[in-house]
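# Breakdown of the fold
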Amino acid sequence: MTIDAKSHTEDVTKTPASFVSTWPPTEEDLNAVERNLKQAKPVQQAGQTPSAVEQWPEWLQKQWVASQRRRSWLIAHPPSFRRRLFSPGGLLAVSLVLLLVLVGIGMGASLLNQRGSTSTPSTSSSSSSSGGMSGMSSQQSTSNVPDATQQYGNQPAKFVMDKDGIKHFTMTAQQVMWQPVKGQKVLAWTLDGTVPGPMIQATAGEHVRITIVNHLPEATAIHWHGLEVPTDNDGVPPIGMKPIQPGQSYTYDFTLRDEDAGTHWYHSHYDDIKQVGGGMYGAFIVAPRPGSAQYQPMMKAEHADIDQTLFFGMLGGYYVINGKSFPDTQALTVKHGQTVHLRLIGADVQMMHPMHLHGHSFQVVAEDGHLLPAPYTKDTIAVAPGETYDVTFYAWAAPGSIYPFHCHILTHLMNPGQSGGEMGGLIMLVEYQK
Ligand SMILES: [Cu+2]
């Protein structure tokens, strides 16, 4: 308190005045001071501020003025008014007014909610621009964002062979308007214009270069999730690299180790909630090197007639498998007697998705790309953000059979604007050819 007093004292005292009993002075102290002043110097009552008060430290004078103002308010609002206000009748009147106001606010809010939940996402306005975390990212006008030219992602990543014989991939970070379901466009943050981005396929032991060209309106960086690369290639600015600014490009350069064989992925590691939640990820599949310790076991465990990569996440308020919501998710077409290898990847920024396959059990053969010493059998597997699972199953059923593969958090089986009776979100169908 003395520090406080000092900082406010300009010219008079640096210590508490003797006429106050507590420090800082209470209202009672100030009243007592005022009474003393009245008794001692009646002449000065006519003045605005008694001269004794003028000699006080400035902060004490302010308190005195404040107490004077409070007193004049009390005079303007006599006790009878307050007594009426706090009488049973007065309280009843006040509570009635409050009740009416609250009911009014509640009705307004529920009207707004209704409007929000029944409207479908706008096809071109900023309301569709909030990415997977609606409300968390800043709004952006999407009028200049081009429509996606491809309907599906997971296409093989393009590469050239550099003069030194090294495989060199190039991907362009760009925004597109993407349709999770036909007719509904959402703003997507992509690599090469698709959700998921291109699939990088390489073999352990290979040296790769990957150039990211940034055509986004903000900086970015790509992280190689699950690969044991040097820190300056890990893609988490400011560690090891600076963010790739709009208009700039950056080339990652690393060698895949034998231990990197398996199902991995890449994703943005800059403004991640917006960029990963907006679709900026893709598969990084590393085949085992022939002759390595991983080769025989992996080829045996993951051998299948069908090899499919599935990303689970959210995009612009939609629950998506490979960027699409049911009924627009791509069906998995199988023939009776085939074996199927699914690479499941958790690309959601906050939720895990327990994926359940109807009519079949599957073998979990690898987790986070690494082969399990002993596969285990399940029909539901929770894919948490960041995880990958390799599962295989035998297509035993009769030609023409159809089985759903879906998230078992049932609120994830709806698209914005759908009611409980409709199906959407994280469902895809396994369809047997006839
Ligand atoms: Cu889910």
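Since we're looking at a predicted model, the values are computed, not measured.

### Digging into the overall build of the chain
Across its full length, the chain carries eight helices and 20 strands. Burial statistics for the chain: of 434 residues in total, 35% are counted as buried. Summarising the internal contacts of the chain: among those between residues at least 6 apart in sequence, 72% fall at separations of at least 24.

### Considerations on the pairing of strand 8 (residues 262-268)
Two faces, one strand: in a regular strand the side chains alternate between the faces of the sheet. The buried fraction of strand 8 amounts to seven of the seven residues, a majority that puts the element mostly inside the structure. When strand 6 (residues 222-225) meets strand 8, the two strands line up antiparallel, connected through four bridges. Bridging across to strand 8, His225 finds its partner in Trp265.

### Section: the sheet that holds strand 17 (residues 380-383)
Read from one edge of the open sheet, five strands run 12-20-19-14-17, paired in mixed fashion. Of all the strands in the sheet, just strand 12 (332-334) and strand 17 have a single pairing partner and so form its edges. Pairs of neighbouring strands in the sheet enclose a mean axial angle of 20°, with direction left out of account. With three bridges connecting them, strand 14 (residues 353-357) and strand 19 (residues 402-407) associate as antiparallel partners.

### Comments concerning the sheet that holds strand 18 (residues 388-394)
Here six strands make up an open sheet; going across it, the order is 11-10-13-18-15-16 and the pairing mixed. Whereas interior strands pair on both sides, the edge strands pair on one side only; in this sheet they are strand 11 (318-321) and strand 16 (370-378). Pairs of neighbouring strands in the sheet enclose a mean axial angle of 25°, with direction left out of account. Pairing geometry for strand 15 (residues 362-367) and strand 16, over five bridges, is antiparallel. Considered in strand 16, the bridge of Val364 is made with Tyr376. Against the sheet, helix 8 (residues 295-302) makes contact with strand 13 (339-346), strand 15, strand 16 and strand 18, and its axis sits at roughly 20° relative to strand 16, the strand it touches most.

### Digging into the environment of Val145
As for its placement among the helices and strands, Val145 is situated in the loop between helix 6 (88-118) and strand 1 (159-161). For Val145, a count of 19 C-beta atoms within 10 Å puts it in the partly exposed group. Remark: the alpha-carbon pair of Val145 and Gln175, spanning 30 residues in sequence, is separated by 6.4 Å. Setting aside chain neighbours within four positions, we find Val145 in contact with Gln175, Val176, Met177 and Leu187.

### Observations concerning the pairing of strand 14
By the alternation rule, side chains of strand 14 split into His353, Met355 and Leu357, which are all buried, and Pro354 and His356, of which none is buried. Note that strand 14 and strand 17 share four bridges and pair antiparallel. For His353, the partnering residue across the bridge sits in strand 17 and is Val383.

### A look at unusual backbone geometry
For the peptide bond that leads from Pro237 to Pro238, omega is 10°, which places it in the cis range. In this structure, Pro238 sits in the loop between strand 6 and strand 7 (249-255). Note that the residue after Phe326, namely Pro327, is joined by a cis bond; omega there is 10°. Tracing the backbone shows Pro327 in the loop between strand 11 and strand 12.

### Some words on the nonpolar core
Membership of the largest hydrophobic core comes to 75 residues, with the highest contact counts inside it found for Trp178, Ala188, Phe284, Phe312, Leu315 and Leu344. Counting residues per element, this core draws most heavily on strand 2 (residues 167-181), which supplies six residues. Among residues more than four places away in sequence, those in contact with Trp178 are Ala148, Lys185, Val186, Ala188, Val195, Gly279, Leu315 and Gly323.

### Some thoughts on the confidence of the model for the chain
The predicted structure's coordinates, where accompanied by low pLDDT, should not be read in detail. Of all residues in the chain, 74% have pLDDT values of 70 or greater, and the mean over the chain is 83. Under a pLDDT of 50 for its full length, residues 1-14 has, in the predicted model, 15 contacts with residues more than four places off or in other chains. Here residues 42-47 is a poorly scored stretch, pLDDT under 50, and it has three contacts once near neighbours within four places are set aside; other chains count.

### Re the environment of His303
Relative to the helices and strands, His303 is located in the loop between helix 8 and strand 10 (306-315). On a C-alpha basis, the gap between His303 and Val340 in space is 8.5 Å, while along the polypeptide they are 37 residues apart.

Procedures and definitions
Residues numbered from 1 in each chain as written. Predicted model: local features only at pLDDT ≥ 70, side-chain atom pairs only at ≥ 80, totals over all residues. Helix = DSSP H or I, 4+ residues; strand = E, 2+ residues; numbered from the N terminus. Buried ≥ 20, exposed ≤ 12 C-beta atoms within 10 Å, placed from the backbone. Contact = placed C-beta atoms within 7 Å. Pairing = 2+ DSSP bridges. Axes fitted to C-alpha atoms, helices over the stretch in contact; angles between N-to-C directions. Core = buried A, V, L, I, M, F, W, Y, C linked by C-beta atoms within 7 Å. pLDDT = per-residue confidence, 0-100.

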